[in-house]
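Residue-level structural notes
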Amino acid sequence: VIWVSFLLATYSGFAYHLSTLFERFLQAPVLTKMTVSTLQFEFPDVYICPTNAVTMSRIFKKLPQNEVTFGEFFLKKSVEEKIGIYSFDLSSGRYDLELNDMTKALLSVLHSMEEIIMSYFQFFDIADAAKCRRTPSGEEYSGNVSSAVVYGFTTMTVTSINTSAFTPSPYRGVKQCMRWNDAAQKLLSLGESGLANRLLALNFSDSESRCRSPPGLPLSEFFPIASRSVFRHAGCLPLALTNSSSFNFTCYRGGLSSLETCAECCGRRSFQYMAISRQDCFCGSSIGGYENSSSVCNASCLHDNSAICGSETAVTVLQIRDNGSRPLHVANFSDLDAISSGPYCFFADELSDKLNAAFCEIPYCQISRTYDCIVSSEDKLTQQQRLSRYTGRRNVTSTGRRCMPWSQLSTIEQVLKARRGSEVGFMDEVREMLIQTPDRLEGESDNYCRPVSVVVDSVNIHGPKDFQRFSAIDSEVPVCIPEDFWANIPSITIKFGYLFNMIFQTCNVPLCYTEVPSVTATIRDSVGEHLLARQFGSDLNAGLTECSFAGQKCTKDDFLNVAHPQLGMCHKFLKQRFTANMTSTQLAESQLSIKYFTDSTDSKGQTVSNIDKLTRVVRDSRGSDATQVAFKVSLRRSLSVSVSHAISEPGCSTANPQAVIVPDSSFPWASNGVNVATAQRMDVHLRFDKYSRLSTSSRPCLETTEPITYRLPSWKLFTSNEDSGVNSDAQEIMRSSNWTLKLSMLRNALLKLNGSSALTVSGSQFKVSDRENCVNTYVVEKFTNTCRCLPGMLPIQEERFKKLSYCFDMYSRGNISANTEKCYIEQVSKITQYHFEAMNECKSPCSKTDFSTRYITYPWPNLLSVQSLDFLKKLAADFGYRHDISLMRGASSIYYLYLKAQNLSDTPVINRSTEAIQSFESELAALQNRLAQLTVQAWQSRGHEVSEEEAYPAKNLVADIGGALGLWSGISILTICELLELFIYLGQALAARVQAQSRMQSKNADGQPEESARPESEMVALDTDAVQQRVASS
């Protein structure tokens, strides 16, 4: 038992030792070693990708050719006069500083697209459209409301003398609609056959009286034949006026409580004028023949000491209707403009039987929660009107405070007292409060931001018991009251009117083109992002200031323009002309230097108000702010090993730059770009390295990679953005009211412009495939499998266009649906998630070449006042000043500043005004913020080779197993040989025994005597003895 236990313990330890060896072998890390590489230096592919999607030279009209030619060469104007020719100041209001026609056409297409798409998206999920309206006209309304709404005067004041017996008339009243055909017959009887016949032509049934807004016949069509309520001073006339035949009705004799009650009494009887004297109210239709005697009216009104009510010999006359003799009267509207339009109806006045009309105040439908925004417009008034009809779901103020429910507004005094106690008091008491918003007429429990009108009836509780009706808030923009409004109220006694002015806050509502991708994406996908970028984007004619490679000058012809799906317009430096016959040593000693002018603002650093719209249409920029970034240089960083050496942090104030050089024939990924800041020079130094990975079960890599082809439209030449053909096409686009036709016309116009030079839309092959390609393919696959369309913001392999098209391409997919929009938004939000998933799925190449980089930045060009004259002179000459003058606005701003520096330099120092110097320095700073320089060169002529090998290879495993055998069993190689020999002898003995048994069986079968056979036990004994002897000898 002891012996067996010893053997079990020994071999158990041996087995455990073996398991640890195999585990170490399977999980062994790799060792990394670095050696000086003998790789020849290869100059990288360099892409210049401006951050501004549109440039001033491409969206503004050019300089007038005649003015430049005559001013420079024929009239030979002075330097100061030439400054005026080239001035580019958007705040000056000059007639020639306006957007060119093609830019206006693009904005026209955007506004049409935004309006038509949002009119569907914002209301596509409305369950019962008969309860509300979607448009100001309300022509689509088909509900059952059959009552109009009329209003009194918003303001009313009654002194304490009259408040005890005073009952104010309601501010808002409801009138039952009469039948449409009866209203038409009434107009016929009054001689208005034209409008009456238009009403009858609508073919309403004889019983129809519901509120409607017939197409082509809004209530405004009746305004020319209608009287309207007014309230304006007409004069101070003799008391004798009230005894004339034209003033033959008395509303109040000694019982006047307010001007408004007098106006209401006279107005309901269709009188045009009212006259008041202390407490008397008279009504009349004319004041002709009486002379004004304003100096006589000096008596204060008994109901309001601040107002004048005639005197003992005169009356104060006010006009209350613009023309009381007209056949129709249109009642007062609400103070809230949003509900002062739309469906209307007619009704009869119960006193005078006069025909009246008023709006029915059909509420607006609530905007879909998904598309909570305002449709933009080129016209500021139109955009303001749309904001005044907002019915979305935002419930946070512009300062980030949550809104209070509207239902609490009527009890705001109790809310404030509950929070602040006696710290805050009120000077008046609310009797009535009318809250109106575009989607309801009374307060509700929701707390959404709304344009709102609040009219309050109140009575003073401290001092004279005056009655007041006033407009507490009348906002045409979305507002609300913060939940914690009470926290900012001072400890005072206050009137409700002042309280409301203190507590209401505005809400920020975004414009739809910034929130809904399909608005701008439909234009890009249908027209072609590359065509838009070519027409409105960076133009090297105005952007490339200076370029050199290895001491040789390079021009715009040495760049290929590429439409990058992530970076927008990019300019790829074509190095082949310079590097074709250069050795590796020469390449390592060469430097690429590019000086770039962003052309992003005018001379004073200003830009157009529509720049955000244009940027979002031309490129899927998602509102990124890159005002201090000149361009992105597409660089490449190793995904597995980071060996970059940062000397400085370029652009820290605006972005965290990423700089890794793109090896030859590699795709320029946006995630690997470096921001080149304006007013700076960035030197990028490179070292060409090679990385070799070891593929293991835990860290597999790709032994071989295949080239990949992406669709990247490219072109060489730029087209003119302003000629007779362009302007004619643009005018046609702006005149068209059909949005699909606008899209088609814009695409055809840009294709016609681009037809004059080579434009390649086919795929571009990249021979070097890396992990980013795999990740992008995974993301695109996930996106397309869900939405069945291609995302425009990602690089797409050329082969995918055979089966699918871009998500918002109208020509391939037809009308844009809400489902496509919803799927697109969902998938865009999941792109980051897909990236993480792909990082676990995709393998890196086992062997790759890459660049290690370091960056050095410092200010450039460092211009200082008049000392900058030489730099400006050279810069203007680089842009062709005097020998080949450019008419582009970007170049003109450089000419302007050079001439201004020349003029300042020619002016004696003593005569230079402080204002002129400050203006020049400000413009000089604006120019510096539009300039940037990039240099790219080798850091070392020889790079490093980084390789990996197994930390615990198979040969080490075999050796350790042998050592374990010797340790645990005392077994050596000689012991193994002896064991083999023993097994051979045992085998031989077993074979001999089998042969002996076989011979015995054969003899028995032949009939031989048994005694001739040897006993079996004897044979076994002989065989055993023989084996033991051999073992002993061994």
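Please read these numbers as outputs of a predicted model, since none were measured by experiment.

With numbering matched to this structure, UniProt assigns "coiled-coil region" (unreviewed entry) to residues 910–937. A distance of 47 Å separates the end C-alpha atoms of residues 910–937, which is 54% helix and 25% strand.

The next subject is a nonpolar patch on the surface. Residues Phe 70, Phe 73, Phe 74 and Leu 75 make up a contiguous nonpolar surface patch of about 440 Å² in total accessible area. Looking at where Phe 74 falls in the secondary structure, it is placed in helix H3 (residues 65–74).

Glancing now at the sheet that holds strand S9 (residues 280–284). Taken in spatial order, the eight strands make up an open sheet running S7-S9-S8-S10-S6-S11-S13-S12, and their pairing is mixed. On the outer flanks of this sheet lie strand S7 (249–253) and strand S12 (344–348), each paired with one strand and no other. Between one strand axis and the next, the sheet turns by 30° as a mean value, whatever way the strands run. Direction of pairing for strand S6 (residues 226–238) relative to strand S11 (residues 328–330): parallel, over a ladder of three bridges. Following the sheet pairing, Ala 226 is matched in S11 by Leu 328. Packed onto the sheet, helix H7 (residues 180–189) meets S12 and strand S13 (355–359) and runs at close to 65° relative to S12. Docked against the sheet, helix H9 (residues 259–267) engages S6, S7, strand S8 (273–277), S9 and strand S10 (314–321), running at close to 140° with respect to S8.

Predicted confidence across the protein chain gives a mean pLDDT of 83, with 86% of residues reaching 70 or more. Note on residues 623–627: pLDDT under 50 across the span, and two contacts to partners over four residues away in sequence or across chains. Contacts from residues 636–660, a stretch scored under 50 in pLDDT, to residues over four places away or in other chains number 69 contacts.

Moving on, we come to the state of the cysteines. Counted under the stated rule, the structure contains 17 disulfides. Across a sulfur-sulfur distance of 2.1 Å, Cys 211 and Cys 360 are joined as a disulfide pair. Residues Cys 211 and Cys 360 are joined through a disulfide that is left-handed, its torsion about the S-S bond being -85°. Of the two residues, Cys 211 sits in the loop between helix H8 (193–200) and S6 while Cys 360 sits in the loop between S13 and helix H10 (380–387), which places them 149 residues apart along the sequence. For Cys 211, a relative accessible area of 0% translates into the label buried. The disulfide that involves Cys 266 links it to Cys 283, with 1.9 Å between the sulfurs. Disulfide Cys 266-Cys 283: the torsion about the S-S bond is -75°, which places it as left-handed. Taken together, the residues Cys 266 in helix H9 and Cys 283 in strand S9 connect sequence positions 17 residues apart. By relative accessible area, which is 0% here, Cys 266 ends up buried.

With that settled, consider the side chain of Glu 260. For Glu 260, the position within the fold is in helix H9. For the buried Glu 260, no salt bridge exists, and the shortest N-O distance to an oppositely charged side chain is 7.8 Å, to Arg 469. Those residues in contact with Glu 260 that sit more than four places away from it in its chain are Phe 153, Thr 155, Met 156 and Thr 157.

Across all of its chains, the model carries 39 aromatic pairs by this definition. Both rings, one in Phe 222 and one in Tyr 344, keep their centres 6.3 Å apart while their planes meet at 65°; by these two values the pair is edge-to-face. Placement of the pair is Phe 222 in the loop between H8 and S6 and Tyr 344 in strand S12, with a sequence separation of 122 residues. For the residue pair Phe 222 and Tyr 344, the accessibility class agrees, reading buried in each case. Put simply, the rings of Phe 43, Phe 549, Phe 559, Phe 573 and Phe 578 pair up and form one aromatic cluster.

Turning next to the pattern of salt bridges. Pairing is possible between side chains that carry opposite charge, provided their charged atoms lie close to one another. Per the counting criterion, the structure on display carries 36 salt bridges. With a closest N to O distance of 3.8 Å, Asp 280 and Arg 253 form a salt bridge. Remark: Arg 253 occurs in strand S7 and Asp 280 occurs in strand S9; sequence separation between them is 27 residues. The exposure class assigned to Arg 253 is exposed, which follows from its relative accessible area of 61%. Asp 457 serves as the salt-bridge partner of Arg 469, at 2.8 Å between the closest nitrogen and oxygen. Residue Arg 469 is found in strand S17 (residues 467–480), and its partner Asp 457 is found in strand S16 (residues 450–460); the two are separated by twelve residues along the sequence. Here the two residues Arg 469 and Asp 457 agree in accessibility, since each one is buried. Each of the salt bridges in this network shares a partner with another, and the network as a whole consists of Asp 439, Arg 440, Asp 446 and Arg 450.

This brings us to helix H22 (residues 771–787). A rise of 1.5 Å per residue sets the reference length of H22, with its 17 residues, at 24 Å; its end C-alpha atoms lie 25 Å apart and thus fit the reference within 8%. Along H22, the residues that are buried comprise Arg 771, Glu 772, Asn 773, Val 775, Asn 776, Val 779, Val 780, Phe 783, Thr 784 and Cys 787. Residue Asp 770 occupies the N-cap position of H22, its side-chain oxygen lying 3.2 Å from the main-chain nitrogen of Glu 772. Among the residues trailing H22, Arg 788 stands out with phi positive, at a value near 60°.

Let us look at the pairing of strand S24 (residues 591–597). For S24, the buried fraction is high: six of the seven residues fall into the buried class. By the bridge criterion, five bridges tie strand S20 (residues 544–549) to S24 in an arrangement that is antiparallel. Within S24, the position partnered with Glu 546 by the bridge is Lys 595. One ladder, built from seven bridges, connects S24 with strand S33 (residues 931–938); its direction is antiparallel.

Turning our eyes to something else, we now look at the packing of helix H14 (residues 517–527) against helix H19 (residues 611–618). Two elements in contact, H14 and H19, have axes whose closest approach is 8 Å; the angle formed by their N-to-C orientations is 50°. One element, H14, and the other, H19, form an angle in the oblique class. Along its contact with H14, which presents Thr 520, Ile 523 and Arg 524, the element H19 presents Arg 616, Val 617 and Val 618.

Once that is clear, we can look at the environment of Tyr 371. Tracing the chain through its elements places Tyr 371 in the loop between S13 and H10. Separated by 250 residues in sequence, Tyr 371 and Phe 121 have C-alpha atoms that sit 6.9 Å apart.

For the rest of this paragraph, the subject is the nonpolar core. Counting 67 residues, the largest nonpolar core has Ile 59, Met 102, Leu 106, Met 118, Ile 523, Leu 532 and Leu 746 as the members making the most contacts within it. No other element matches the ten residues that helix H5 (residues 101–121) contributes to this core. Those residues in contact with Ile 523 that sit more than four places away from it in its chain are Leu 106, Val 109, Leu 110, Met 113, Gly 528, Leu 532, Val 617, Leu 743 and Leu 746. Counting 37 residues, the second-largest nonpolar core is a separate cluster that includes Phe 123, Ile 367, Val 424 and Ile 473.

The rules behind the values
Residues numbered from 1 in each chain as written. Predicted model: local features only at pLDDT ≥ 70, side-chain atom pairs only at ≥ 80, totals over all residues. Heavy atoms only, no water. UniProt positions renumbered as here; feature names shortened; annotations may be inferred. Helix = DSSP H or I, 4+ residues; strand = E, 2+ residues; numbered from the N terminus. Patch = residues over 30% accessible without salt bridge, like charges linked within 9 Å, V, L, I, M, F, W, Y side chains within 5 Å. Areas by Shrake-Rupley, 256 points an atom, 1.4 Å probe, with all protein chains shown as cover. Salt bridge = Lys/Arg side-chain N within 4 Å of Asp/Glu carboxyl O. Pairing = 2+ DSSP bridges. Axes fitted to C-alpha atoms, helices over the stretch in contact; angles between N-to-C directions. Contact = heavy atoms within 4.5 Å. pLDDT = per-residue confidence, 0-100. Disulfide = S-S within 2.5 Å. Buried < 20%, exposed > 50% of the residue type's maximum accessible area, 1.4 Å probe, protein only. Lys, Arg positive; Asp, Glu negative; His and termini not counted. Phe/Tyr/Trp six-rings, centres within 6.5 Å; stacked < 30°, edge-to-face > 60°. Expected span 1.5 Å × (residues − 1). Polar contact = N/O pair within 3.5 Å; in protein donor to acceptor, adjacent residues only side chain to side chain. Parallel < 35°, antiparallel > 145°, perpendicular 65-115°, else oblique. Core = buried A, V, L, I, M, F, W, Y, C linked by side-chain atoms within 4.5 Å.

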